[in-house]
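So you can see what is in the structure, the chains are spelled out below.
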Amino acid sequence: MPFFAYKARNIKGELVEGVLESSDKEAVARQLFSIGIAPTSISATINPHSSDALPWWKRLLEKSVQSLDVQLFSRQLYTLIRAGVPIMRGLAGLQESTVSRAFRAVIRDLRESLDSGRELSAAMRRHPNVFTLFYVSMIKVGEMTGRLDQIFLRLSEHLEFERDMRNRVKTALRYPMFVIIVMVIAMVVVNVLVIPAFAKVFAGFNAELPMMTRLLLGMSNFFVDYWIFILGAVIGAVFAFRSFLATQHGRFWWDQRILTFPIFGRIVLKATLSRFARSFALSSKSGVPIVQALTVVASTVDNTYIASRVEHMREGVERGESILRTATAANVFTPVVLQMIAVGEETGALDELMDEIADMYQGEVEYELKTLSSNIEPILIVALGIMVLILALGIFLPIWDLGKVALKK
């Protein structure tokens, strides 16, 4: 509903100002009269709690809706619905208590959509950047089955699992990224400051310099003379690569190649398959048909190559093939997982075994992340050693030959 700014006089004749949310000006006037305040002016305004009420520079710095906001929202709605609180009243309370201004505006739009007769899933579909297709589909299932509280609980647990996995990956990559950044900075400093200083010393030797030294001097001169072009080329390459990834073909190509990367590839594959198994189990437990579940889950794996494999599984199931046969044809599952799928399909407990598959993959991902730093450290040490060796040979070889140069003079 719209907001109205009002000026009024209380019973003592004192000026009172404020903002109310109501359907129209007449409703605001009736509300003010009911509490003993006589309005003098009422005009439409924006929500004082929305981002539009902020200065433009604050709106630029304002954070968007985070996954943690949606997770807490799901958990709180589960608690409210389970306690028997009407969903409109629950959303109103969450709107007032939410810290994020961006998410507060989303909740306000959900309330307005529900007030106009839309379903909750349809209202959430209006915010694809906040609620994923999987999230909206699960809410739709909850509305159809009357188990909306349980759906919110499972979605909260699912989002917590997703956030935990992302945090683990960031923690594991923090040290290697720090080392790589320091190495890049060191190379820039050496090329800009160190090597040019030694170049002046080598110029006075009046002798032929070793090949490694000439190579370092050439690289340093090229870096100093053309640094603006190098920087432009790097920035252009980054933008070109991002533009390529924005295309459907580019995203598919990258998602397929990243699975073959040393060390990182198997972590991405196992984390993606864990997300697939967890989402499929959640859909199955909620009563979603297998074909529809595969369609929805394909949009949640966050890897277009794996998503295409899941789509092929769905097409196979539509043709009447078994889950085991389609999973085998997908060529992304390990033999142990295929065996568990076969048992689950045969016993009718596929959702439970999918949860076990997700736990198994999650355990393997956690182990891989714990050993990630130790696996990367040898590569970084070798790279650092090669860089130091090149610098040592290029800079100190002429100094070692200084005595010979002096004798020639």
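Look up a bit, the structure's there.
Residues numbered from 1 in each chain as written. Predicted model: local features only at pLDDT ≥ 70, side-chain atom pairs only at ≥ 80, totals over all residues. Heavy atoms only, no water.

**Concerning the environment of Ile-258**
Okay, step 1: Here Ile-258 is to be found in helix α11 (residues 248–258).
Okay, step 2: For Ile-258, a relative accessible area of 17% puts it in the buried group.
Okay, step 3: Put simply, Ile-258 and Arg-104 are 154 residues apart on the chain and 37 Å apart in space, counted from C-alpha to C-alpha.
Okay, step 4: Beyond its immediate stretch of four places on either side in the chain, Ile-258 contacts Gly-265, Val-268 and Asn-303. (Helix = DSSP H or I, 4+ residues; strand = E, 2+ residues; numbered from the N terminus. Buried < 20%, exposed > 50% of the residue type's maximum accessible area, 1.4 Å probe, protein only. Contact = heavy atoms within 4.5 Å.)

**Re the packing of helix α13 (residues 290–298) against helix α14 (residues 304–318)**
Okay, step 1: Two numbers describe how α13 lies on α14: the axes approach to 9 Å, and their chain directions differ by 170 degrees. Between α13 and α14, the angle is such that the two are roughly antiparallel. On α14, the residues that touch Ile-290, Val-291, Leu-294, Thr-295 and Ala-298 of α13 are Ala-307, Val-310, Glu-311, Met-313, Arg-314, Val-317 and Glu-318.
Okay, step 2: Residues belonging to the contact of α13 with α14 are distributed by class as follows: 8 nonpolar, 1 polar and 3 charged. (Axes fitted to C-alpha atoms, helices over the stretch in contact; angles between N-to-C directions. Parallel < 35°, antiparallel > 145°, perpendicular 65-115°, else oblique. Nonpolar A, V, L, I, M, F, W, Y, C, P; charged D, E, K, R; others polar.)

**Here we look at unusual backbone geometry**
Okay, step 1: A positive phi angle, near 60 degrees, is found at Asn-331, a position not held by glycine.
Okay, step 2: You can see Asn-331 is positioned in the loop between α15 (323–330) and α16 (335–347).
Okay, step 3: Under the relative-accessibility criterion, Asn-331 is labelled exposed at 67%.

**Thoughts on the packing of α14 against α15**
Okay, step 1: Interaxial distance between α14 and α15 falls to 9 Å at its minimum, and their mutual angle equals 150 degrees. Relative to α15, α14 is oriented so that their crossing is right-handed. Across from Arg-309, Met-313, Gly-316 and Val-317 in α14, the residues of α15 making contact are Ile-323, Thr-326, Ala-327, Ala-329 and Ala-330.
Okay, step 2: The residue inventory of the contact of α14 with α15, partitioned by class, reads 6 nonpolar, 2 polar and 1 charged. (Left-handed = near helix turned anticlockwise from the far one by under 90°.)

**Some remarks on a nonpolar patch on the surface**
Okay, step 1: Together, Met-177, Ile-180, Ile-181, Val-184, Ile-185, Val-188, Val-189, Val-192, Leu-193 and Val-224 make up an exposed nonpolar region whose accessible area comes to about 810 Å².
Okay, step 2: If one sorts the elements of the nonpolar patch by residue count, helix α8 (residues 148–203) sits on top with 9 residues.
Okay, step 3: You can call Val-189 partly exposed: its relative accessible area is 38%. (Patch = residues over 30% accessible without salt bridge, like charges linked within 9 Å, V, L, I, M, F, W, Y side chains within 5 Å. Areas by Shrake-Rupley, 256 points an atom, 1.4 Å probe, with all protein chains shown as cover. Salt bridge = Lys/Arg side-chain N within 4 Å of Asp/Glu carboxyl O.)

**Focus on the environment of Ser-308**
Okay, step 1: Position of Ser-308 relative to the elements: it lies in helix α14.
Okay, step 2: Under the relative-accessibility criterion, Ser-308 is labelled buried at 17%.
Okay, step 3: Distance from Ser-308 to Ala-298, taken between C-alpha atoms, is 7.5 Å for residues 10 residues apart in sequence.

**A few points about the pattern of salt bridges**
Okay, step 1: Per the counting criterion, the structure on display carries 10 salt bridges.
Okay, step 2: A salt bridge links Glu-119 to Lys-140; the nearest nitrogen and oxygen atoms lie 2.8 Å apart. A residue pair is termed long-range when its members are at least 10 positions apart, and Glu-119 in the loop between α5 (101–115) and α6 (120–124) and Lys-140 in helix α7 (residues 133–145) qualify at 21 residues.
Okay, step 3: The partner of Arg-314 in a salt bridge is Glu-318, and the shortest N-O contact between them spans 3.0 Å. Here the residue Arg-314 and the residue Glu-318 both occupy positions in helix α14, the gap between them amounting to 4 residues, near one helical turn.
Okay, step 4: Classification of Arg-314 as buried rests on a relative accessible area of 15%.
Okay, step 5: In the salt-bridge network here, residues are joined through shared partners; they are Arg-266, Lys-270, Glu-364 and Glu-368.

**Concerning α11**
Okay, step 1: All buried positions along α11 are accounted for by Gly-250, Asp-255 and Ile-258. Down the axis of α11, the buried set is contained in an arc of 125 degrees. They therefore lie on one face. Exposed residues on α11 whose side chains face more than 90 degrees from its buried face are Gln-248 and His-249.
Okay, step 2: Against the buried residues of α11 lie α10 (227–246), α12 (264–285) and α14. (Arc of directions from axis to C-beta.)

**Quick word on the packing of aromatic side chains**
Okay, step 1: According to the stated counting rule, one finds 13 aromatic pairs in the structure shown.
Okay, step 2: The interplanar angle of 90 degrees and the centroid separation of 6.4 Å between the aromatic rings of Phe-73 and Phe-152 together place this pair among those described as edge-to-face. Separated by 79 residues along the polypeptide, Phe-73 in helix α3 (residues 67–82) and Phe-152 in helix α8 bring together distant segments of the chain. There is no split in this pair, since Phe-73 and Phe-152 are both buried.
Okay, step 3: On the basis of an interplanar angle of 35 degrees and a centroid distance of 6.1 Å, the ring pair of Phe-276 and Phe-280 is categorised as tilted. Here Phe-276 and its partner Phe-280 are both found in helix α12, 4 residues apart, which amounts to about one turn of the helix.
Okay, step 4: Of the aromatic side chains, those joined through ring pairs into one cluster are Phe-73, Phe-103, Phe-131, Tyr-135 and Phe-152. (Phe/Tyr/Trp six-rings, centres within 6.5 Å; stacked < 30°, edge-to-face > 60°.)

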